[in-house]
Amino acid sequence: MPRLVCGFSFVYNPFSKMPAKMEVLISRQQIADGVARIGQEITRDFAGESVILLGVLKGACLFLSDLARQIELDATFDFIAVRSYGTQKESAGEVQLIKDVTTPLEDRNVILVEDILDTGLTFTFLRKLLLARKPRTLKLAALLDKPSRRQMPVQADYVGFKIPDKFVVGYGLDYAERFRNLPEICVYSDELDK
């Protein structure tokens, strides 16, 4: 069975059985280097303390997994799930809580781990929700930052890559739940819808 490989080579599309092209925006090695850098920054900033990595499902699961292994601290993790995109490429503009955390956050160092900081609506919603739990600190680690789409004035504390205003998939990011397992971050092609 063909593997999913993105780049200027062909991608196997299991839904149409037709190959399609996707451009690699960030390679596997670049991702690994960016995640390692963020892990070093967190290790430095919280030296001697423990942290809770709070992954935003589903997109951040791969990033959180790799990031946790780069942090040289006592680190635990939990997950929270929200919905803002559904099956569309544009945010619906409304964020809904789907799954809450199970770990107590009071007086803990919490790092919210997001796949992408885009409009800022999700982070604004989650920040309000999480600050009500009275953490000692609340930081945001985003693998990708797309500042051109910002609707709320927010910034990540840790950023892997700033990207242009392109719709991307891979390494946890999806389009209608597809392409999360691509090993690189690729620019989504509308050709896949044809």
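Residues numbered from 1 in each chain as written. Predicted model: local features only at pLDDT ≥ 70, side-chain atom pairs only at ≥ 80, totals over all residues. Heavy atoms only, no water.

Even after reading the chapter, I still don't get the overall build of the chain, so can you show me in this structure?
Each helix and strand in the chain was counted, giving 3 helices and 10 strands. For the chain, with 194 residues in total, the buried portion stands at 47%. Long-range pairs, those at least 24 residues apart, make up 64% of the contacts in the chain between residues at least 6 apart in sequence. Accessible surface for the chain amounts to roughly 10000 Å². Of this, 52% is attributable to carbon and sulfur atoms. (Helix = DSSP H or I, 4+ residues; strand = E, 2+ residues; numbered from the N terminus. Buried < 20%, exposed > 50% of the residue type's maximum accessible area, 1.4 Å probe, protein only. Contact = heavy atoms within 4.5 Å. Areas by Shrake-Rupley, 256 points an atom, 1.4 Å probe, with all protein chains shown as cover.)

Looking at this structure, I do not really get the pattern of salt bridges. What am I missing?
Pairing is possible between side chains of opposite charge, provided their charged atoms come close. Tallied over the full model, the rule gives 14 salt bridges. Here Glu-177 and Lys-58 are joined by a salt bridge, their closest N and O atoms 3.3 Å apart. With Glu-177 in the loop between β9 (168-169) and β10 (185-187) and Lys-58 in the loop between β3 (50-57) and α2 (61-68), this pair connects stretches of sequence that are 119 residues apart. Within the structure, one salt-bridge network assembled from shared partners comprises Lys-58, Asp-174, Glu-177 and Arg-180. (Salt bridge = Lys/Arg side-chain N within 4 Å of Asp/Glu carboxyl O.)

In this structure, what is going on with the environment of Leu-97? I would like to understand it.
By secondary structure assignment, the location of Leu-97 is in strand β5 (residues 96-99). You can call Leu-97 partly exposed: its relative accessible area is 35%. Taking the C-alpha atoms as reference points, Leu-97 and Ala-81, separated by 16 residues in sequence, lie 6.2 Å from one another. Those residues within four positions of Leu-97 in sequence are excluded, and the remaining contacts are Ile-80, Ala-81, Val-82, Phe-125 and Leu-129.

Sorry, what's going on with the packing of aromatic side chains here?
Both the distance between ring centres and the angle between the ring planes are used here to describe each pair of aromatic rings. This model, assessed by the stated rule, comprises 5 aromatic pairs. On the numbers, 6.0 Å between centres and 85° between planes, the contact of Phe-167 with Tyr-188 is edge-to-face. Of this pair, Phe-167 sits in the loop between β8 (158-162) and β9 while Tyr-188 is found in the segment after β10, placing the two residues 21 residues apart along the sequence. Each residue in the set Phe-167, Tyr-175, Phe-179 and Tyr-188 is aromatic and connected to the rest through ring pairs, giving one cluster. (Phe/Tyr/Trp six-rings, centres within 6.5 Å; stacked < 30°, edge-to-face > 60°.)

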